[in-house]
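A look at the structure
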Amino acid sequence: MNFKTICFSMIALATMACGSKQAEETTNTSSEKETEWVTLFNGENFDGWKTYGKDTMATAWSIVDGAIVCNAGAGENNVGFSSESLVTTSTWGNFEFELEYRIAKGGNSGIFYHVIEADTLPFDFITGPEYQVLDDEFSRSETEPYKMVASNYAMHAPAETKKPNPHMEWNKVKIVYNNGHVEHWLNDEKVLEFEEGSEDWLARKAAGKWANSATYAAFKEGAFSLQNHGDEVHYRNIRVRPLK
């Protein structure tokens, strides 16, 4: 075996070893990411949840067929907006969050993050940005694109290509928050992306519903919250993965 052949053999062996190590690291990383998911609802009880601003559980919320349900059985009847949202007892900063929801015909609800509780804060939406949950097709309450399903409520409209399923069919939500970078996903498609705190974001805030709010989206860590807007809505498979 000449010198050139020996060199090629050594390079080949090194490459194989490196490839094997990278494959092992990729497998370990993938496995670690899978184990990072935290289940926020066990399908059986309200462990890890409470009523916003209270220590007791509001009667509007129940567990039906392994899902958290607001105003179960209300159907198309709105029973009136309530400040009694359901909020996690745990808080999160950067995260990837997922759940599935289904909502009654014409219904309205919402998913909030970075929610803070205080005696001076009567509602979750005073602090937490909202992923809007809505039956767009028969909505009784909203008509503007930036207030429809998958929007960053009253701030950013989702893509017109979004594909929500009809009322009382399950939809999958994903929200990603990473140092101000936010993504909204609906049924495995990214439908909205924005930078919290950017010039565009600040301009939208100054020109809209939150112009005079010093607390809206002011906190970088907080709870998740499910809104009671008076309509029937079901939530299940709720989980979160912290991001560094």
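Scroll up to find the structure this text is about.
Just so it is clear, the structure is predicted and the values come from calculations on it, not from any experiment.

The rules behind the values
Residues numbered from 1 in each chain as written. Predicted model: local features only at pLDDT ≥ 70, side-chain atom pairs only at ≥ 80, totals over all residues. Heavy atoms only, no water. Helix = DSSP H or I, 4+ residues; strand = E, 2+ residues; numbered from the N terminus. Buried < 20%, exposed > 50% of the residue type's maximum accessible area, 1.4 Å probe, protein only. Contact = heavy atoms within 4.5 Å. Areas by Shrake-Rupley, 256 points an atom, 1.4 Å probe, with all protein chains shown as cover. Core = buried A, V, L, I, M, F, W, Y, C linked by side-chain atoms within 4.5 Å. Phe/Tyr/Trp six-rings, centres within 6.5 Å; stacked < 30°, edge-to-face > 60°. Lys NZ or Arg CZ within 6 Å of the ring centre and 35° of its normal. Salt bridge = Lys/Arg side-chain N within 4 Å of Asp/Glu carboxyl O.

**Concerning the overall build of the protein chain**
- Counting its regular elements, the protein chain contains two helices and 13 strands.
- Across the 244 residues of the protein chain, 45% fall into the buried class.
- Contacts in the protein chain between residues at least 24 apart in sequence constitute 70% of all its contacts with a sequence separation of at least 6.
- Here the protein chain displays about 12500 Å² of accessible surface, and carbon together with sulfur accounts for 52% of that area.

**A short note on the nonpolar core**
- Grouped together as the largest cluster of nonpolar side chains are 45 residues, with contacts concentrated most on I68, F97, I111, L226, Y235 and I238.
- Here L226 is in contact with W49, W61, I68, S85, L86, L99, G110, I111, Y235 and I238, once residues within four sequence places are set aside.
- Among the nonpolar cores identified, the runner-up in size contains seven residues, and V87, V115, I126 and A223 belong to it.

**Considerations on the environment of Y153**
- Among the secondary structure elements, Y153 is positioned in the loop between strand 8 (130-134) and strand 9 (171-178).
- Expressed as a C-alpha distance, the spacing of Y153 and K209, which sit 56 residues apart in the sequence, is 9.5 Å.
- In contact with Y153, not counting residues within four places along its chain, are E130, Q132, E142, Y146, K147, K209, W210 and Y216.

**Description of the packing of aromatic side chains**
- With the rule as written, the count across this model stands at 10 aromatic pairs.
- Summarising the aromatic geometry, the rings of Y113 and Y177 are spaced 5.9 Å apart at their centres and angled 55° between planes, so their arrangement reads as tilted. On the criterion of sequence distance, the pair formed by Y113 in strand 7 (residues 108-115) and Y177 in strand 9 is long-range, its members being 64 residues apart.
- On the basis of relative accessible area, Y113 is assigned to the buried category, the value being 1%.
- Members of the aromatic cluster, connected to one another through ring pairs, are F81, F123, F125, W201, W210 and Y216.
- K174 extends its terminal NZ or CZ atom over the ring of W185, reaching a point 4.1 Å from the ring centre.
- Over the ring of W210 we find K209; its NZ or CZ atom is 5.3 Å from the centre of that ring.

**Here we look at the pattern of salt bridges**
- Inspection of every chain in the model, using the stated rule, returns 15 salt bridges.
- Here R241 and E36 are joined by a salt bridge, their closest N and O atoms 3.5 Å apart. Taken together, the residues R241 in strand 13 (residues 233-242) and E36 in the loop between helix 1 (3-35) and strand 1 (38-39) connect sequence positions 205 residues apart.
- Classification of R241 by relative accessible area gives buried; the value is 14%.

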